[in-house]
Amino acid sequence: MTGAIDVVVIGGGQAGLAAGYHLRRNKLDFVVLDAQSAPGGAWQHTWDSLHLFSPAAYSSLPGRIMPVQPGQEYPDAGHVVRYLTDYEHRYDLPLHRPVRVHTVVRDGDRLRVDTDAGHWSARAVVSATGTWWRPFVPAVPGQGIFAGRQLHTTGYRRPSEFTGQRVVVVGGGNSAAQITADLAGHDGIDLTWATQRPPRFLADDIDGRALFDAATARRRALDEGRTDTGGVASLGDIVAVPPVRAARDAGLLKARPMFESLTAHGVRWSDGTTARADTVIWCTGFRPALSHLAALGLRGTHGHIATDGTRALGEPRLHLLGYGDWTGPASATLIGVGRPARDAVRQITDLLA
Ligand code: FAD
């Protein structure tokens, strides 16, 4: 598989599909290369009980409203995978799977995309590889001597795997709260939740809809030169989705401060108290999966690539989509990625004209 083409999209999750939708509408010649062997991006790999933090209609990609999942106000991850699978087929998007992109290099007036299935010569590239593939675990003393199991959010599936264990969950965000709630409802697990600062729950009536509105209001304010509204960060960290709300109301979501170090058999706080642990689950976030772009020499602070909107500042033929708010407000959400995808494709169309 090799050839010359207008645009290569790297990554076939929701962000890559949203780009594909607009590339199709703009009648550009393109392919989407995805390392997975099946549709759905990261949604194929989340834990069993994960539900979206927004209702279906507020979790939709451009052109196609996500159908309601019967009996579920907040659809589960399986529903998202089915929606994305249908989306690719509906818009006849040219997905190639499984194809892993190793590197993108400059090649005269083109970008060469080298993969494990040959190479493509593109006039523009959209990178939409997400963050799930680069779990982040902070450096904490004692990690090397802890004799138990350590896993990241990406490795967690279901509470039954931890029956009879002492489990420490680390992190103050949505993944940590949801996984703690999942484990707390399961008999036979001795659970500790450790957070760097006390957990900040959003008001119960705030879900992904309100977060999207806050992100949009912030973008408008900044675009119009008004005071920064603070966006989503001003509201809190944890969406009180029904299982989290239920666990919190039952008094099961009590966090302890972050511990200072791991010991051979558990964790130790700065005041000298300890807790024994069989497993530590690090729900400590992600970094953008950008190693395939390293040869372009664009890497900036925090592992990001500096962009103007989605366009890489140091390489105008490259756009970055998804990843986080740095590529557009709410760009790393289902409902939020449509707008930056449209803008990216508009700029690519102008560039290629
Ligand atoms: P991904 O889904 O990760 O897709 C990227 C694709 O690129 C993958 O298929 C991957 O295999 C592929 N890829 C990576 N590297 C390469 C390479 N080198 N070559 C080829 N292919 C490659 N958003 C919401 O809108 N609502 C929610 O309720 C919500 N809940 C979330 C819960 C959790 C626990 C997490 C982690 C995120 C949640 N998000 C939510 C945020 C976001 O919607 C998801 O993270 C989503 O998966 C991001 O989509 P993406 O297309 O950017 O990346």
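Within each chain, residue numbers correspond to sequence positions counted from 1 in written order. Since the coordinates come from a predicted model, pLDDT governs what is reported: local features require at least 70, and pairs of side-chain atoms require 80 or more to be given and counted, while whole-chain, interface and lining totals use all residues. Excluded from the side-chain calculations are hydrogens and water; all other atoms, namely the structure's heavy atoms, are used.

Digging into the layout of surface pockets
Item 1. Cavity: a set of points on a 1 Å grid over the protein atoms alone where a 1.4 Å probe fits but cannot get out. Pocket: an open set with protein on both sides within 12 Å along at least five of seven lines, its lining residues, like those of a cavity, having an atom within 4 Å of a point. Grid points are joined across faces, edges and corners, and a volume is the space filled by probe spheres set on the points. Computed from the structure, the second largest pocket encloses a volume of approximately 170 Å³.
Item 2. Polar here means any residue other than Ala, Val, Leu, Ile, Met, Phe, Trp, Tyr, Cys and Pro, which are nonpolar, and Asp, Glu, Lys and Arg, which are charged; Gly is therefore polar. Of the residues belonging to the lining of the second largest pocket, the class tally is eight nonpolar, four polar and one charged.
Item 3. Segmentation of the chain into domains, including their bounds, is taken from an automatic or database domain assignment. Both domain 1 (2–133 + 287–352) and domain 2 (149–201 + 237–282) contribute no fewer than three residues apiece to the lining of the second largest pocket.

A few points about the pairing of strand S4 (residues 101–107)
Item 1. DSSP calls a pair of strands paired once it identifies at least 2 bridges connecting them. Only DSSP runs of H or I covering at least 4 residues are called helices, and only runs of E covering at least 2 are called strands; the numbering of each starts at the N terminus. Relative to strand S5 (residues 110–115), S4 runs antiparallel, the two being bridged by six bridges. Its bridge partner lying in S5, Asp-107 is registered against Arg-110.
Item 2. Here S4 hands over to S5 after two residues, with Gly-108 in that stretch at a positive phi of 65°.

Quick word on helix H4 (residues 208–223)
Item 1. Helix span, as expected, comes to 1.5 Å for every residue beyond the first. For H4, which comprises 16 residues, the first-to-last C-alpha distance of 22 Å matches the rise-based estimate of 22 Å (1.5 Å per residue) to within 8%.
Item 2. Gly-208, Leu-211, Ala-214, Ala-215, Thr-216, Arg-219 and Ala-221 are the residues of H4 that are buried.
Item 3. The contact rule is simple, with two residues in contact once any of their heavy atoms fall within 4.5 Å. Looking at the buried residues of H4, the elements they touch are helix H6 (338–352).
Item 4. Just downstream of H4 lies Gly-225, where phi reads positive at about 75°. Note on exposure labels: buried denotes an accessible area under 20% of the residue type's maximum, exposed denotes more than 50%, and partly exposed covers the range between, all computed with a 1.4 Å probe on protein chains only.

Concerning the sheet that holds strand S9 (residues 190–195)
Item 1. The sheet built from five strands is open, its strands ordered S7-S14-S8-S9-S10 with parallel pairing. What marks the edges here is a single partner per strand, and that holds for strand S7 (149–152) and strand S10 (255–257). Strand-to-strand twist of the sheet, defined as the mean angle between neighbouring strand axes without regard to direction, takes the value 25°.
Item 2. Here strand S8 (residues 166–170) pairs with strand S14 (residues 279–282) via four bridges, running parallel. Across the sheet, residue Val-167 finds its bridge partner in S14, namely Thr-279. To get an axis, a line is fitted to the C-alpha atoms, and for a helix only the part in contact is used. The angle between two axes follows their N-to-C directions and goes from 0 to 180 degrees.

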